[in-house]
Amino acid sequence: MVGLNFVSRLMKSGRFLANFLLLPSFLCLDAALAAVAWSLCIALDSRGGDLSLLIEGPSKFGVLFFGVWSVYLADRIRDTFATSSGPGAPLRYQFAGRNRPALTVICLVAATLAATFLISIQELAFWVAGSVIALLTLGYFVGLRASWNPERKRARFPLKETCIASCFAAGVILCSGDIAISIPVAALFTALSLLFLSNCLLISLVESNFDEEFDHRAFFAGRKGSAAWIAIPTVLAIGFAAGLLIRGEFRFTSFSIFGGGGLTLLIFLSRAKLPRLTQALADGVLLFPWIAIGVGLFFGD
């Protein structure tokens, strides 16, 4: 009996630890933390590891963090009205369904803080570029959702996931500082977009059955997935990162793309063993820049 009680307590503690580790995903913090991580990584690359940017430009990181957080929270809250949050739903939807009022309050606070940081920025170029990205993001949330007709044929191209990935990458680069448009920056944007795209497609693949009923815009909703849609963008992202490393450009960020791409492929190959955790793990991959930043700053050049 003592042994059974011990096993029971151990299992309960294990479930508590698992839920604790999933909390960033439940609160949509993983996207916001990932955005700041990649932006900080790019900023450190462009300034040779100078940490003074944390003092000089906290407003842009604040806009990015709270802006991304509020957008993802708003989308999650909206999903609780349109999708199932029952036992068969992904864990993040179950959590959101049970805690919708609290998430709504957090979303409003995050949006207010994002606006507060934004007002303090007096750079016209930032406002113009940010407005373009915001309009494209709004176009996705309004246009794709409003125009969807479930009787149409399934999309042959992952438009939803591409919109998310490209807007996310553009916002990350914009908030990283004063970076002029160049071939290395274009290659970096492409690599990040491809990595984020493979991340979105991996989540769509493992949740295809759920999306078939509740999110028809997801690329893999109700269809069998092909490994090529995950592998090709990831390998291409790693290839662009390799080119940047060879040129000595964006070392922290390129290393992060390498690591994130490798982990994405590993999670893809292991998705059948962890079907309900794949989404959280896939989003967790995008936090890899924090490791690269920590290692780089600890060991120096």
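What counts and how
- Residue positions are counted from 1 within each chain, in the order its sequence is given.
- For this predicted model, a pLDDT threshold of at least 70 governs which residues receive local features, and a threshold of 80 or more governs which side-chain atom pairs are given and counted, while totals over whole chains, interfaces and linings are taken from all residues.
- Hydrogen atoms and water are omitted, and side-chain values are computed over all heavy atoms in the structure.
- Only DSSP runs of H or I with at least four residues qualify as helices, and only runs of E with at least two residues qualify as strands; both kinds are numbered from the N terminus onward.
- Contacts are assigned to residue pairs with any non-hydrogen atoms lying within 4.5 Å of each other.
- With residues, only the protein chains shown are counted as cover, and all accessible areas are computed by Shrake-Rupley using a 1.4 Å probe.
- What counts as an axis is a line fitted to C-alpha atoms, over the stretch in contact for a helix, and the angles between N-to-C directions run from 0 to 180 degrees.
- For classification purposes, an angle smaller than 35 degrees is called roughly parallel, one larger than 145 roughly antiparallel, one from 65 to 115 roughly perpendicular, and anything else oblique.
- In this scheme the handedness of a crossing depends on how the near helix is turned from the far one: anticlockwise by less than a right angle means left-handed, clockwise means right-handed.
- Only Asp, Glu, Lys and Arg are considered charged in this grouping, and only Ala, Val, Leu, Ile, Met, Phe, Trp, Tyr, Cys and Pro are considered nonpolar; every other residue, Gly among them, is considered polar.
- For Phe, Tyr and Trp, where Trp contributes only its six-membered ring, two rings pair if their centres lie within 6.5 Å, and the inter-plane angle classes them as stacked under 30 degrees, edge-to-face over 60, or tilted in between.
- Any carboxyl oxygen of Asp or Glu that lies within 4 Å of a side-chain nitrogen of Lys or Arg is treated as forming a salt bridge with it.
- The buried label applies to any residue whose accessible area, calculated with a 1.4 Å probe on protein chains only, is under 20% of its type's maximum; exposed applies above 50%, and partly exposed to all values in between.

> It is not clear to me how the overall build of the protein should be interpreted in this structure. Could you clarify?
Helices and strands together make up the secondary structure of the protein, namely 14 helices and zero strands. Counted from the first residue to the last, the protein has its helices and strands arranged as α-α-α-α-α-α-α-α-α-α-α-α-α-α. Partitioning the contacts of the protein with sequence separation of at least 6, the portion at a separation of at least 24 is 74%. On the protein, roughly 15700 Å² of surface is accessible, and the fraction owed to carbon and sulfur atoms is 70%.

> Can you help me understand the packing of helix H8 (residues 159-174) against helix H9 (residues 183-206) in this one?
It is the contact of H8 with H9, at a shortest axis distance of 8 Å, that shows an interaxial angle of 140°. As summarised for this structure, H8 and H9 are arranged oblique, according to the angle between their axes. Relative to H9, the crossing made by H8 is right-handed. Contact residues: H8 offers Glu161, Thr162, Ile164, Ala165, Ser166, Phe168, Ala169, Ala170 and Ile173, while H9 offers Val185, Phe189, Leu192, Ser193, Phe196, Leu197, Cys200, Leu201 and Ser204. For the contact of H8 with H9, the residue count by class is 13 nonpolar, four polar and one charged.

> Is there a simple way to think about the packing of aromatic side chains in this case?
Two descriptors summarise a pair of aromatic rings, namely the distance from one centre to the other and the angle between the planes of the rings. Overall, the coordinates contain eight aromatic pairs when judged by the stated rule. Seen in terms of ring centroids, Phe66 and Phe117 are 5.9 Å apart; in terms of plane orientation they differ by 10°. Their pairing is stacked. Of this pair, Phe66 sits in helix H4 (residues 58-82) while Phe117 sits in helix H6 (residues 100-119), and the two are 51 residues apart along the sequence. In textbook terms, an aromatic cluster arises when at least three aromatic residues are bridged by ring pairs, as seen for Phe65, Phe66, Trp69 and Phe117.

> It is not clear to me how the pattern of salt bridges should be interpreted in this structure. Could you clarify?
A side chain with one charge can pair with a side chain of the opposite charge if their charged atoms come near. Following the criterion strictly, the structure yields two salt bridges and no others. Salt-bridge contacts for Lys60 lead to Glu123; the nearest nitrogen and oxygen are separated by 3.0 Å. In this pair, Lys60 is assigned in helix H4 and Glu123 in the loop between H6 and helix H7 (124-147), connecting sequence segments 63 residues apart. Since its relative accessible area comes to 10%, Lys60 is described here as buried. Note that Arg247 and Glu249 form a salt bridge whose closest N and O atoms lie 3.9 Å from each other. Owing to a relative accessible area of 56%, Arg247 belongs among the exposed residues under this scheme. Taking relative accessible area as the criterion, Glu249 reaches 25% and is therefore assigned partly exposed.

> What am I meant to see in the packing of H9 against helix H11 (residues 227-247) here?
When two helices pack together, you describe them by how their axes are tilted relative to each other and by the distance separating the axes. Where H9 contacts H11, the two axes come as close as 8 Å, and the packing angle between them is 155°. Comparing their axes, H11 and H9 come out roughly antiparallel. Judged by the sense of rotation from one axis to the other, the crossing of H9 with H11 is left-handed. The residues of H11 that touch H9, namely those facing Pro184, Ala187, Leu188, Thr190, Ala191, Leu194, Leu195, Leu197, Ser198, Leu201, Leu202 and Leu205, are Trp229, Ile230, Pro233, Thr234, Leu236, Ala237, Phe240, Leu244 and Arg247.

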